[in-house]
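# Overview (structure and organization)
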Amino acid sequence: MKLDMEKLIVFLKSNGFIFQGSEIYGGLANSWDYGPLGSELKKNIKDTWWNYFVRNNELNVGLDSSILLNNGVWKASGHLKNFSDPLIDCKECKTRMRADKIIEEFTKEIITDPSDENLERIIKEKAIPCPICKKQNFTSIRKFMLMYKTNQGVIENENSIVYLRPETAQGIFINFKNIQRSTRKKLPFGVGQIGKSFRNEITPGNFIFRTREFEQMELEFFFSKDDKQDWFEYWLQEVNNFLKNKMLFKQENYILREHSKDELAHYAKRTVDIEYKFPFGVGELWGIAHRADFDLKSHMAESKQDLSYLNPQTNQKEIPYVIEPSVGVERLFLATICNAYDEEKVGEDMRTILKLPFALASYKVAVLPLQKQQAEQAKQIFDEIKEELNATFDLAGQIGKRYRRQDAIGTPFCITVDFDSINDQCVTIRERDTMKQERVLISEIINYIIKNKK
Ligand code: ATP
């Protein structure tokens, strides 16, 4: 089924998944708020990631580090010097753009040398026009710093400047020693973190795909250089398994793209992007990078602290290598919705259906009294099961319409309480994808759902 972004945005708004940020004030560009259903789905995505990569993988532990960090961190990581995008203006229509993006969109090729000189050369040689007004009259390229600046404390001057973190990873590197010492972990081990990151993107857009405020889920996996296991392949497989088995992503909806040697960061040994086929085109969803020992070495040099690891086998100090699988929560949210959204013909009608895995669905069950007379009994059932499963109660309208509403928001099971329920102590449970209905004892509802969930 071909999905259209405009339709998807309307669908997500009208069902309470995502609203425009600051809407009553005319909005704030590219900011989005997650409504009652969206906040549940977002939380479920984060919990599913955390359970898979942190709790249920005995190699890994978790962290929750600060958004504001000492400026030394950004000096060591290279962000203060290099975390900028090539900004270019169209002199005709005054649109501000990223020079690399207009080239990539025009040539459909990946840029291997992102230096300003090279980008300006390509724009000239290929006579690339402004994508908005189609004229060819650009300013030269300037570096645009992507980190948000703010001030810490009561005095605003050069010395009080701090930055909102543009990635969560650095919080992990600077705590490497604390974590290793306090957990007594031996290499190899990983540290996972979920948190907000901020980038003053020149051209945010495509709905929640690229925003200035977003959340990341990052794992930094530390291992010895002498370790013979191919940890890059291991984590690439794990990410793939997660998408396939936990998020139920269809294989045809995403691709793996290996970065060429020219494209790699100077310290990186290997990078693979998992790219999702979004309705607006293919875009990076998840990056898996082999960062070698670049980060720990840089922090050692800048902080003058010993961040090395004493290998108990060799009794030698070493700086571990790192594999980093990094994904944005909102991009995974968007991909999850695109992957799950479907429209099906049922008799003469169409039904919209979100085929979300049980663990991700905002509501796990909906309790529906067939008629007003069953409302009291249905409410009792709802009160009993809501302790165990996130449930919703819906009394309004024809039963068929109520089923459709639950299908559209991805509720896996509907429990209908009818006029027989009071006598036989049974309800009808309807499964979302198959629409199969079964009569189940009220006392068996939870067991039935646990047995049949997908
Ligand atoms: P892009 O090339 O799309 O700007 P990137 O390569 O700079 O992304 P990373 O720095 O590798 O991205 O960040 C890791 C992950 O964080 C990305 O794969 C993506 O899922 C997410 N991410 C990065 N920037 C944004 C953003 N502005 N909005 C939403 N998610 C983002």
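Above: the structure in question.
Cut-off values and rules
Residues numbered from 1 in each chain as written. Predicted model: local features only at pLDDT ≥ 70, side-chain atom pairs only at ≥ 80, totals over all residues. Heavy atoms only, no water. Pairing = 2+ DSSP bridges. Helix = DSSP H or I, 4+ residues; strand = E, 2+ residues; numbered from the N terminus. Axes fitted to C-alpha atoms, helices over the stretch in contact; angles between N-to-C directions. Parallel < 35°, antiparallel > 145°, perpendicular 65-115°, else oblique. Left-handed = near helix turned anticlockwise from the far one by under 90°. Contact = heavy atoms within 4.5 Å. Nonpolar A, V, L, I, M, F, W, Y, C, P; charged D, E, K, R; others polar. Salt bridge = Lys/Arg side-chain N within 4 Å of Asp/Glu carboxyl O. Buried < 20%, exposed > 50% of the residue type's maximum accessible area, 1.4 Å probe, protein only.

## With respect to the sheet that holds strand β3 (residues 60-63)
Pairing is mixed in the open sheet, where 7 strands are placed in the order β3-β9-β10-β16-β13-β12-β11. Two strands bound the open sheet, and with one partner strand each, they are β3 and β11 (254-258). Within the sheet, the average angular offset between the axes of one strand and its neighbour, ignoring direction, is 20°. Bridging between strand β13 (residues 281-292) and strand β16 (residues 321-328) involves 6 bridges; their strand directions are antiparallel. Paired with Ala 289 across the bridge in β16 is Glu 324.

## Section: the packing of helix α2 (residues 36-55) against helix α9 (residues 231-246)
Between α2 and α9, whose axes approach to 11 Å, the crossing angle comes to 140°. By the angle between their directions, the pair α2 and α9 is classed as oblique. The hand of the α2/α9 crossing is right-handed. Contact residues: α2 offers Thr 48, Trp 49, Tyr 52 and Phe 53, while α9 offers Trp 235, Glu 238, Val 239, Asn 241, Phe 242 and Lys 246. For the contact of α2 with α9, the residue count by class is 6 nonpolar, 2 polar and 2 charged.

## Here we look at the pairing of strand β17 (residues 341-346)
Inspection of the sheet shows β17 paired to strand β18 (residues 349-354) by 6 bridges, in the antiparallel sense. Across the sheet, Lys 345 pairs through a bridge with Met 350, a residue of β18. The antiparallel pairing of β17 with β18 creates a hairpin that spans 2 residues between the two strands, and Gly 347 there sits at a positive phi of about 60°.

## Let's talk about the pattern of salt bridges
Enumeration according to the criterion identifies 42 salt bridges in this entry. Linking Glu 215 and Lys 42 is a salt bridge whose minimum nitrogen-to-oxygen distance equals 3.4 Å. Residue Glu 215 is located in strand β10 (residues 213-223), and its partner Lys 42 is located in helix α2; the two are separated by 173 residues in the primary sequence. Judged by its relative accessible area of 8%, Glu 215 is buried. Across the pair Asp 89 and Arg 142 runs a salt bridge whose closest N-O atoms are separated by 3.0 Å. Here Arg 142 lies in strand β6 (residues 142-145) and Asp 89 lies in strand β4 (residues 84-89), a separation of 53 residues in the sequence. Given a relative accessible area of 12%, Asp 89 falls into the buried group. A residue is classified by how much of its surface remains accessible, and Arg 142, at 32% relative accessible area, is partly exposed.

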